[in-house]
Amino acid sequence: MADAPGKFYITTAIPYVNAAPHIGHALEFVQADVIARYHKLLGEDVFVTTGADENSLKNVKAAEGLHITTRELVDRNAMLFREFAERIGLSFSVFLRSSDKDIHWNGAQELWRRCMKAGDIYRKSYKGLYCVGCEAFYTEDELDDGICPVHKTKPEPVEEENYFFRLSKYQKELERAIESGEFRIIPVQRKNEILSFIKGGLEDFSISRSVARARGWGVPVPDDPTQIMYVWVDALSVYMTGVGFGRDESSFDKWWPADVHIVGKDIIRFHAVYWPALLLSAGIRLPKALLVHGFLTIEGQKMSKSLGNSVSPMELLKQYSTDELRYYLMRDPPTFDDGDFSENGLKDRINKELLGDLGNLVNRVLTLTEKSGMQSFSGPNELGGKLKLEEIRSRMDGMDIHMALESIMEFVRACNKYVNDKAPWKLDGKELESVLYNLLEGIRSISILLYPYIPATCEQIAQKLGTKITKLDDVAFRPSFTEKLSKGGYLFKKV
RNA sequence: AGCGAGGUGGGGUAGUCUGGAGUGCCCGUCGGGCUCAUAACCCGAAGAUCGGAAGUUCAAAUCUUCCCCUCGCUACCA
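Only a predicted model underlies this, so the values are computations on that prediction, with no experimental measurement involved.

## Things to note about unusual backbone geometry
Here is step 1 of the chain: Along the chain, Ile 186 connects to Pro 187 via a cis peptide bond; the corresponding omega equals 0 degrees.
Here is step 2 of the chain: Its location among the elements puts Pro 187 in the loop between β7 (184-186) and α6 (188-199).
Here is step 3 of the chain: Following Trp 256, the chain continues into Pro 257 via a peptide bond in cis, with omega recorded as 5 degrees.
Here is step 4 of the chain: Even without being glycine, Ala 423 reaches a positive phi, approximately 45 degrees.
Here is step 5 of the chain: Here Ala 423 is to be found in the loop between α15 (401-422) and α16 (429-449).
Here is step 6 of the chain: The buried category is assigned to Ala 423, whose relative accessible area is 11%.

## Here's the deal with the domain arrangement of chain A
Here is step 1 of the chain: For chain A, the assigned domains are domain 1 (7-325) and domain 2 (344-481).
Here is step 2 of the chain: Between the C-alpha centres of domain 1 and domain 2 the distance comes to 40 Å.
Here is step 3 of the chain: If you look at the interface, domain 1 gives 20 residues, while domain 2 gives 22 residues.
Here is step 4 of the chain: Between domain 1 and domain 2, roughly 1900 Å² of surface is buried when both sides are summed, and carbon and sulfur atoms account for 71% of that area.

## Some details on the pattern of salt bridges
Here is step 1 of the chain: Here the structure, examined in full by the defined rule, presents 36 salt bridges.
Here is step 2 of the chain: In this structure, Lys 172 and Glu 175 form a salt bridge, with 3.7 Å as the shortest nitrogen-oxygen distance. Here the residue Lys 172 and the residue Glu 175 both occupy positions in helix α5 (residues 171-180), the gap between them amounting to three residues, near one helical turn.
Here is step 3 of the chain: By relative accessible area, which is 61% here, Lys 172 ends up exposed.
Here is step 4 of the chain: Among the ionic pairs, Arg 331 bridges to Glu 406, the shortest N-O distance being 2.8 Å. Separated by 75 residues along the polypeptide, Arg 331 in helix α12 (residues 322-331) and Glu 406 in helix α15 bring together distant segments of the chain.
Here is step 5 of the chain: One salt-bridge network, held together by shared partners, links Arg 331, Asp 332, Arg 349, Glu 353, Glu 406 and Arg 413.

## Some thoughts on the nonpolar core
Here is step 1 of the chain: Counting residues in hydrophobic clusters, the biggest one holds 98 residues, and the most contacted among them are Ile 23, Leu 329, Phe 341, Leu 450 and Tyr 453.
Here is step 2 of the chain: Examining the composition of this core, we find that 11 residues originate from one element, helix α1 (residues 23-41), more than from any other.
Here is step 3 of the chain: Setting aside chain neighbours within four positions, we find Phe 341 in contact with Ile 23, Leu 296, Thr 297, Ile 298, Glu 299, Val 311, Leu 316, Leu 325, Tyr 328 and Leu 346.
Here is step 4 of the chain: Grouped together as the second largest cluster of nonpolar side chains are 61 residues, Trp 112, Phe 165, Ile 207 and Val 243 included.

## So, the confidence of the model for chain A
Here is step 1 of the chain: Scored by pLDDT, chain A has a mean of 89; 93% of the residues are at 70 or more.
Here is step 2 of the chain: Predicted as a complex, the structure gets a pTM of 0.92 and an ipTM equal to 0.87.

## Here we look at α1
Here is step 1 of the chain: For α1, with 19 residues, the first-to-last C-alpha span of 27 Å sits near the 27 Å given by 1.5 Å per residue.
Here is step 2 of the chain: Burial within α1 is extensive, with 18 of its 19 residues counted as buried.
Here is step 3 of the chain: Just beyond α1, the residue with positive phi is Gly 43, at close to 90 degrees.

## Points about the side chain of His 293
Here is step 1 of the chain: In this fold, His 293 is placed in strand β13 (residues 289-293).
Here is step 2 of the chain: A distance of 3.4 Å separates a polar atom in the side chain of His 293 from a polar atom in the side chain of Glu 28.
Here is step 3 of the chain: Only 3.2 Å separates the side chain of His 293 from the side chain of Gln 31, close enough to count as a polar contact.
Here is step 4 of the chain: Contact partners of His 293, with chain neighbours within four places excluded, come to Leu 27, Glu 28, Gln 31, Ile 262, Val 263, Gly 264, Lys 265 and Thr 335.

Rules used in this analysis
Residues numbered from 1 in each chain as written. Chains lettered and ligands numbered in written order. Predicted model: local features only at pLDDT ≥ 70, side-chain atom pairs only at ≥ 80, totals over all residues. Heavy atoms only, no water. Helix = DSSP H or I, 4+ residues; strand = E, 2+ residues; numbered from the N terminus. Buried < 20%, exposed > 50% of the residue type's maximum accessible area, 1.4 Å probe, protein only. Domains from an automatic or database assignment. Contact = heavy atoms within 4.5 Å. Buried area = accessible area lost by both parts, 1.4 Å probe. Salt bridge = Lys/Arg side-chain N within 4 Å of Asp/Glu carboxyl O. Core = buried A, V, L, I, M, F, W, Y, C linked by side-chain atoms within 4.5 Å. pLDDT = per-residue confidence, 0-100. Expected span 1.5 Å × (residues − 1). Polar contact = N/O pair within 3.5 Å; in protein donor to acceptor, adjacent residues only side chain to side chain.

Set out below in structure tokens:
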């Protein structure tokens, strides 16, 4: 597919900031960044929105548990996430907090007004079993014999009037948009899962809470001081307000629709059903794609608070470099399925692949080149055929960044094999020059291909080669290699 | 319970649609070679009744039927 030079807009989910970042956030941030940087290599203008979901009742409760105000909690934790996003190398354009009145609130309310104008919002009373202790509604099957599992009390039936959204009205349109691929859901298993859910029939859902139930925390419903917007309506609209909706229309027009939203499998319904329905109602274009990634287990076990096994990426980054962690997260777990995080696995990937395969390749080739005393290199292209650029591109286009990385690493191994097969240490003259030419162009290509995954390392490789990280189109064997090399030290050290 | 995905040498996968010797890839184990390299690469070895049973076929990991197991999804509180 020819790259129409243009814009590319990508978002991460905005995490609840009721706790510190864990390794799962790292996975998603890196995935988003790899895709973003890849599109920069394609020459596109890229915008990345990430941020924090701060209007959830969960944050209110977490703050109560810590005996601080909600504002203090979200300020503190949002800062942790922002710092973390920077440390992991997420090249975000905006870090938008949903409690940011100036940037976010008007846009969120504007979405509401448009749905209202379309006649898709109406008032209805909602009945539910409410546990006063939990301050939450329960469904029958969540209770133990009608008793709250936490407080061992019987929840009271409570009736409250809320606003509802006519989701039912959009069933057919959603089906069509998803089936036709106008709104792509990746991978296809998730698409099928959502389609079967939609075909099962959609019911309208509540999109507001009483001020009391929301504890007065959140985005107010326009023209109704008694109600707060349901946190998902507000959180989802961050994807639009991040690029200017309700605030800077020319920016919004430039970037919207989003090219892809990246989310975990737990929140697929909000993104694949509620969100596009709200947009259809408001007369706003649908995002082009939704990428649903899996979850990480920790050393084979589910991440859980009771096990206390959650892994802090900030702690890991004290021992391992950003690139090392990024590489492992993209290399080990498959993009679309669950994977396992283990520190031994991380060490193996660093020692075997980053150091043993990539680092060693760069080092041995630069050593051989230095010893040759040659300055410019050319010869027949013998190695370029091993590089499956089309496969890499099509995998990246399908957002299978794990398999795309596999294709790139295959080429790294092919380069190492080429060194052995040719045994350049036994060669001289034209023969040696030709082998070095192939290897230098190979490594230059690798430095560009791996750049989305391990940017700092690739900058270092480019520096050693005297080249620059340019465009994906420059991944090709040029007729000759004439840059000035500077070997420098090792790229990685054994862990 | 219903719908969906999956069960392939020690681990992870590809192969299944369009049947054809258990074939491939990554990791791990053992032995050997090579040596420019914080080392890679090559050769060889051990290790699987391709979840189970029955059927179709000259031939089944692959097609059919039944069964077992795992994991998702089955709505408003993320």
